[in-house]
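Geometric and topological summary
Take a look at the letters that make up each chain.
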Amino acid sequence: MNGDFTLGPSPAERLNRARADMRMGLPVLISDHLVAAVETLSPERLAALRALGPLTLCLTARRAGTLKARVYDADVARIRMPDDADLLWLRALADPADDLRVPMKGPLEALRGGDADLARAGIRLAKSAQLLPAALMVAAPDPAPDGLTRVAAREALEAADIPQAFTPVSAARVPMRAAEAGRLHIFRPDDGAEEHYAIEIGQRDRSKPVLARLHSACFTGDVLGSLKCDCGPQLDAALTLMGHEGAGILLYLNQEGRGIGLANKMRAYSLQDQGFDTVEANHRLGFEDDERDFRIGAALLRKLGFSRVRLLTNNPAKVAMLEANGIAVTERVPLKVGMSRHNEAYLATKAAKSGHIL
Ligand SMILES: Nc1nc2c(ncn2[C@@H]2O[C@H](COP(=O)(O)OP(=O)(O)OP(=O)(O)O)[C@@H](O)[C@H]2O)c(=O)[nH]1
Ligand SMILES: [Zn+2]
């Protein structure tokens, strides 16, 4: 820990506070601007922000593309909020739920020039709070209001580039149907974000690469047995294979919905019911196809003392990511289970658009 922050919050801790504030609907101070997430903004707070000056709505270029708004800053768009626009206007721009029913949301006046990093940082924070990636921004008065969390735009943007450090918190034996010799380890990131789990099976044999799986949380597939994806059967099959082999390591990464969170994943599912595929649905919401931080898996494997793995996956991006982060993947072991008529199109889209091997 940096000595300057022995008692007060470090930049990483302030960022985590800012995420929590955004989820509550509180604006945060990013450099010299007040920024609030559209999804959680109340009418009262909107009125208070409006009293401070002209308001700017920050969206991702993905969302702006669907709305046919001009994008002057590559990945983000800044849109002037008209004086007569209300919370419903903001929400309709942030949330694609009613796009098909109300296709024309304009005219939208896109802003150019000035510092786009503020908008970028606001969106980054909203995403990391697993909210819709849309933020409302206004220049802060001087002096800035008391009690708000303050972060620098640069800190919010650079946070994504800093690999997280994890502390092992606790571990215990958990005998499972698939393998009686199971042990569950809990890891907590030092910046207070989501915990991740490792399920270790059997006795380690360090002479050969371990059978490993990086599993991303899927409440619908893992717990409910949803037929829309193949996650549940993949989880069961991975543990069963490790049980048969007598050894293995399964990381259960809390990156629900490829990192967009369960609420946004259900928004994506609604869009899929309107006819969009899994990738298009993410884009219409303003996300990339995959928002997961793949470095976490490598960091946890290293922490557990594994440096060579035989990776159970159909996703070559996972292999490349582990290799790039210092874990040798000696073999890719395909994991093709759980296909059904409900997920046929989903799996075909992942093969066509996300590089998965069918
Ligand atoms: N955003 C979004 N996430 C989804 C959808 N369906 C499943 N997921 C999430 O996708 C993640 C699983 O990712 P997959 O792409 O199936 O698998 P992978 O982990 O990349 O690759 P494999 O190792 O081959 O399974 C989980 O976090 C699921 O919650 C969807 O339609 N939209
Ligand atoms: Zn799933």
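Notes on the structure follow. (Residues numbered from 1 in each chain as written. Chains lettered and ligands numbered in written order. Predicted model: local features only at pLDDT ≥ 70, side-chain atom pairs only at ≥ 80, totals over all residues. Heavy atoms only, no water.)

1. Structural notes on the pattern of salt bridges
Opposite charge on two side chains lets them pair, provided their charged atoms get close. Enumeration according to the criterion identifies 23 salt bridges in this entry. Here Arg310 and Glu331 are joined by a salt bridge, their closest N and O atoms 3.4 Å apart. With Arg310 in strand β12 (residues 308-312) and Glu331 in strand β13 (residues 328-333), this pair connects stretches of sequence that are 21 residues apart. With relative accessibility at 17%, the residue Arg310 sits in the buried group. If you follow the salt bridges from partner to partner, you end up with Glu39, Asp95 and Arg267 in one network. (Salt bridge = Lys/Arg side-chain N within 4 Å of Asp/Glu carboxyl O. Helix = DSSP H or I, 4+ residues; strand = E, 2+ residues; numbered from the N terminus. Buried < 20%, exposed > 50% of the residue type's maximum accessible area, 1.4 Å probe, protein only.)

2. Let's talk about the packing of aromatic side chains
Scanning the entire structure with this criterion turns up one aromatic pair. Summarising the aromatic geometry, the rings of Tyr197 and Tyr252 are spaced 6.1 Å apart at their centres and angled 15° between planes, so their arrangement reads as stacked. Highlighted residues: Tyr197 in strand β9 (residues 196-202) and Tyr252 in strand β11 (residues 247-253), separated in sequence by 55 residues. Classification of Tyr252 as buried rests on a relative accessible area of 14%. (Phe/Tyr/Trp six-rings, centres within 6.5 Å; stacked < 30°, edge-to-face > 60°.)

3. Quick look at helix α4 (residues 87-94)
Within α4, burial applies to Leu87, Trp89, Leu90, Leu93 and Ala94. The buried residues of α4 all sit within an arc of 160° when viewed along its axis, so they share a single face. Buried residues along α4 sit in contact with α2 (43-50), β3 (56-60), α3 (61-67), β4 (76-80), β5 (134-139) and α11 (278-285). N-capping of α4 is provided by Asp86, with a side-chain oxygen placed 3.2 Å from the backbone N of Leu88. (Arc of directions from axis to C-beta. Contact = heavy atoms within 4.5 Å. Polar contact = N/O pair within 3.5 Å; in protein donor to acceptor, adjacent residues only side chain to side chain.)

4. Looking at the site of ligand 1
Around ligand 1, a shell composed of 24 residues is seen, among which Arg213, Thr313, Asn314, Lys318 and Lys350 lie nearest. One nitrogen or oxygen atom from the side chain of Glu256 is found 3.1 Å from an oxygen atom belonging to ligand 1. Contacts to ligand 1 include Gly257, whose backbone N or O atom sits 3.0 Å from an oxygen atom. Bound to the protein, ligand 1 loses 99% of the 650 Å² it would expose on its own. Those elements that place two or more of their residues in the shell around ligand 1 are β10 (210-216), α9 (256-259), α10 (262-273), α11 and α14 (344-353). Taken together, the residues of the shell around ligand 1 break down into five nonpolar, eleven polar and eight charged. (Near = heavy atom within 4 Å. Areas by Shrake-Rupley, 256 points an atom, 1.4 Å probe, with all protein chains shown as cover. Nonpolar A, V, L, I, M, F, W, Y, C, P; charged D, E, K, R; others polar.)

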